[in-house]
Amino acid sequence: MYGWQIPPPKKSSKSAEAFARERREKVAWLMKKGLLKSERIRRALLKVPREDFIPEAYRDYAYLEVPLPLPGVAATISCPHSYPLFYEPLGLDQGHRFLEVGLGSGYGAAVAREVVGDEGLVVSIEIDPLTFAYAKANLERAGYRDVVLIRADGGLGYPKLQPYDRIAMTAACTEIPPPLLEQLAVGGRLIAPVIGAIGQDLTVFEKSATGISQKLVCNVLYVNLRGQYGVLGEQES
Ligand code: SAH
């Protein structure tokens, strides 16, 4: 699946302490690799129990650098390093109004909630009804009741709560859906995997009063965006 080797499903046997230890080790590793720098993102990654956002059959692999399958069509929880990979160049911080396209497991939304804090806002949109229900249950169980969850096509954004200081698209697109750029605040940033000539380029866009600038982060491998602005051949009927 998407060029990754998914480990075989099995019954979870790790204790909460074992997961907590793996979480601390993962955060230390991300810092050592230079992928994790911000104190708020570090604290958020230490706090959110990633294992609680993964189906039981894959839970023991929570801290491995592989994306794991979720209920729904082509939905995955991205590998652990993807979250600082997105949130660091985005400069996600306290007080931000944050929009996520592709809720997946709900883990990215939970981490963002911890980063933006009480003064901030997290809105996340998921197109797949099964994935949506799964993420909603995960977030409720983990105590994240103030994340705004929308079951819809994220390519259209969520105009009701615009403008957003930061937007993360966690599905790959050929071009940034125009509604998302419209709903981005001036001075705001959007990050997305953009399908290029070879693979996908994780790109940060910054909106100023005069236009949009962009900067390449690195190559990535994400599931394709569905819906109105979806990748050709993957569109909904
Ligand atoms: N952020 C997620 C990972 C997302 S995987 C996490 O933390 O786990 C990509 C997700 O994008 C999948 O759940 C997929 O169903 C969703 N998706 C694809 N196209 C979408 C669209 N147009 N609108 C909203 N969600 C979409």
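Higher on the page you've got the structure.
The model shown is predicted, which means the values in this text are computed figures rather than measured ones. (Residues numbered from 1 in each chain as written. Predicted model: local features only at pLDDT ≥ 70, side-chain atom pairs only at ≥ 80, totals over all residues. Heavy atoms only, no water.)

## With respect to the sheet that holds strand 7 (residues 184–195)
Adjacent strands of a sheet form backbone hydrogen bonds with each other and so pair up, either parallel or antiparallel.
Link 1 in the chain: Strand order in the open sheet made by the seven strands is 5-4-3-6-7-8-9, with mixed pairing throughout. What marks the edges here is a single partner per strand, and that holds for strand 5 (148–151) and strand 9 (212–220). The average undirected angle you get between the axes of adjacent strands in this sheet is 15°.
Link 2 in the chain: Strand contacts of helix 4 (residues 107–116): strand 3 (97–101) and strand 4 (121–126), with the helix running at about 165° to strand 4, the strand carrying the most contacts. (Pairing = 2+ DSSP bridges. Helix = DSSP H or I, 4+ residues; strand = E, 2+ residues; numbered from the N terminus. Axes fitted to C-alpha atoms, helices over the stretch in contact; angles between N-to-C directions. Contact = heavy atoms within 4.5 Å.)

## Focus: the site of the ligand
Link 1 in the chain: Every one of the 23 residues lining the ligand counts as a neighbour, but Tyr 83, Glu 126, Asp 153, Gly 154 and Arg 226 are closest to it.
Link 2 in the chain: In this structure, a nitrogen atom belonging to the ligand sits 3.0 Å away from a main-chain N or O atom of Gly 102.
Link 3 in the chain: Contact distances for the ligand include 2.9 Å between a nitrogen atom and a side-chain N or O atom of Asp 153.
Link 4 in the chain: Burial of the ligand by the protein amounts to 99% of the accessible area it has alone, namely 590 Å². (Near = heavy atom within 4 Å. Polar contact = N/O pair within 3.5 Å; in protein donor to acceptor, adjacent residues only side chain to side chain. Areas by Shrake-Rupley, 256 points an atom, 1.4 Å probe, with all protein chains shown as cover.)

## As for the pattern of salt bridges
Link 1 in the chain: If you walk through the whole model with that rule in mind, you get 11 salt bridges.
Link 2 in the chain: Each of the salt bridges in this network shares a partner with another, and the network as a whole consists of Glu 39, Arg 42 and Arg 43. (Salt bridge = Lys/Arg side-chain N within 4 Å of Asp/Glu carboxyl O.)

## Re the pairing of strand 8 (residues 200–207)
Link 1 in the chain: Within strand 8, six of the eight residues are buried, leaving the element largely enclosed by the surrounding structure.
Link 2 in the chain: Here strand 7 folds back onto strand 8, and the loop between the two strands holds four residues, one of which, Gly 199, carries a positive phi near 70°.
Link 3 in the chain: In the sheet, strand 8 pairs with strand 9 via eight bridges, with the strands oriented antiparallel. Among the inter-strand pairings, Val 204 is bridged to a residue of strand 9, identified as Lys 215.
Link 4 in the chain: In this antiparallel pair of consecutive strands, strand 8 and strand 9, the connection spans four residues. (Buried < 20%, exposed > 50% of the residue type's maximum accessible area, 1.4 Å probe, protein only.)

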